[in-house]
Amino acid sequence: MSNKYSRRDFIKTGIGVSAAAVLSSGKNLIGTQRNVGEMCVVASGNGLRATEKAMELLKQEKDPLDAVIAGVNIVEDDPEDRSVGYGGLPNEEGVVELDSSVMHGPTHNGGAVASLRNIKNPSKVAKLVMERTDHALLVGEGALRFAKAHGFKEENLLTDRARERWLSRKERLSDRDFWFPPRPEEAEGEFASFFEFHGTINCCAIDAHANLAGVTTTSGFFFKIPGRVGDSPIIGAGLFVDNDVGAAGSTGRGEANILNCGSFLVVNFMGMGSSPEEACLKALKKIAEKTKCQPHLLNDEGRPRFGLQFYAINKKGEFGGASMWSGGQFAVHDGKENKLRPCAYLFKRPDKSKKNS
Ligand code: ASP
């Protein structure tokens, strides 16, 4: 997509005016002050190559959505990243199923695919769903046929490394899966293996015209039930962009995010005046509170025993990242330097060394 949305168009449509009104009413902006026209790209901690690439394209005046998709394609293509695209860890039947969504701020349009097999760049297919259909989400067999109709080639996404990991999990299989018996409270052993392995890449950007876009792409949970769809392809959960306000995306336990419309919440909090970091923390707090109704997801202290992270940019180009538990990082290219920064956090991870001493 070319850079169809000039600054003049942007102001003409009134988008810029309402954004200015939203931001000037905000009292809580604590992020680095940035000048309009400064570009920024944020991504999850596995996204340093994505932020680098996306910034390079933004500097060439490319559309922000094209920029972030080109960024995450590097990670989708990389067999070493076991959470995304080619080399992603498979479902419980040993099949890699990918989820992705994209959202383009200037047109407030989006597209997504879920449970897509055999195509290593679901983010590119998600963009085609946005551009070449009147739908927002295609899943499974239909998504695959759509991709093939657009010339994508099917390939086996299961690398030997991922297959061996799956085989060893299968061989150790006990009651640790994602299935519940009719009375979960009576079951022995642990349920979900979401602690074992999962991951995703989210990447959001703001260009020199203050236009926003984002993408989220993943292979979802390792050993998931076939057909399980996480938050990544759900607009409002794993990704949300409002060109008047900001963009946000997420990684971590998708179910918690879907049930709370996490990325939408973050953007909404930014719209009410919170800084990106504060907005991420507020969304996490809300999700932690709501998790109290699901005891199997709580630790002994009544806190969520899962990871969840949000990354956000507001209309000013200020950015932030926060995670449920301390120790997280996110990637930021602020136009000058590209580096990992620590995420703010809701709960401090217990210090294991102290417990053992
Ligand atoms: N959010 C992803 C999902 O639920 C997993 C992850 O980011 O770790 O599919």
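Residues numbered from 1 in each chain as written. Predicted model: local features only at pLDDT ≥ 70, side-chain atom pairs only at ≥ 80, totals over all residues. Heavy atoms only, no water.

Colleague: Now, about the side chain of Asn 257: what can you tell me, with residues and values included?
Modeller: Secondary-structure assignment places Asn 257 in helix H8 (residues 254-258). Polar contacts involving the side chain of Asn 257 include one to the side chain of Asp 231, which spans 2.7 Å. Once you skip the residues sitting within four places of it in the chain, Asn 257 turns out to touch Asp 231, Ala 237, Gly 238, Ser 250, Gly 262, Ser 263, Ile 287, Leu 308 and Phe 310. (Helix = DSSP H or I, 4+ residues; strand = E, 2+ residues; numbered from the N terminus. Polar contact = N/O pair within 3.5 Å; in protein donor to acceptor, adjacent residues only side chain to side chain. Contact = heavy atoms within 4.5 Å.)

Colleague: So what's going on with the environment of Ser 115? Residues and values would help.
Modeller: Note that Ser 115 resides in strand S3 (residues 109-116). Looking at Ser 115, the relative accessible area reads 8%, which means it is buried. Note: C-alpha distance between Ser 115 and Gly 142 (27 residues apart in sequence) is 9.9 Å. (Buried < 20%, exposed > 50% of the residue type's maximum accessible area, 1.4 Å probe, protein only.)

Colleague: Provide a residue-level description of the state of the cysteines, including the pertinent values.
Modeller: Scanning all chains against the criterion turns up zero disulfides. With no disulfide partner, Cys 203 has as its closest neighbouring cysteine sulfur the one in Cys 204, 6.9 Å distant. (Disulfide = S-S within 2.5 Å.)

Colleague: How would you summarise the sheet that holds strand S12 (residues 338-342) if you had to cite specific residues and measurements?
Modeller: Read across the open sheet, the eight strands follow the order S4-S3-S2-S6-S5-S1-S11-S12; overall the sheet is mixed. At either end of the open sheet lies a strand with only one pairing partner, and these are strand S4 (137-139) and S12. For this sheet, the mean angle separating the axes of adjacent strands, direction not counted, is 15°. Relative to strand S11 (residues 329-333), strand S1 (residues 40-44) is paired through four bridges, and the arrangement is antiparallel. In the sheet register, Val 42 faces S11, and the bridge partner there is Val 332. (Pairing = 2+ DSSP bridges. Axes fitted to C-alpha atoms, helices over the stretch in contact; angles between N-to-C directions.)

These figures capture arrangement, not role.
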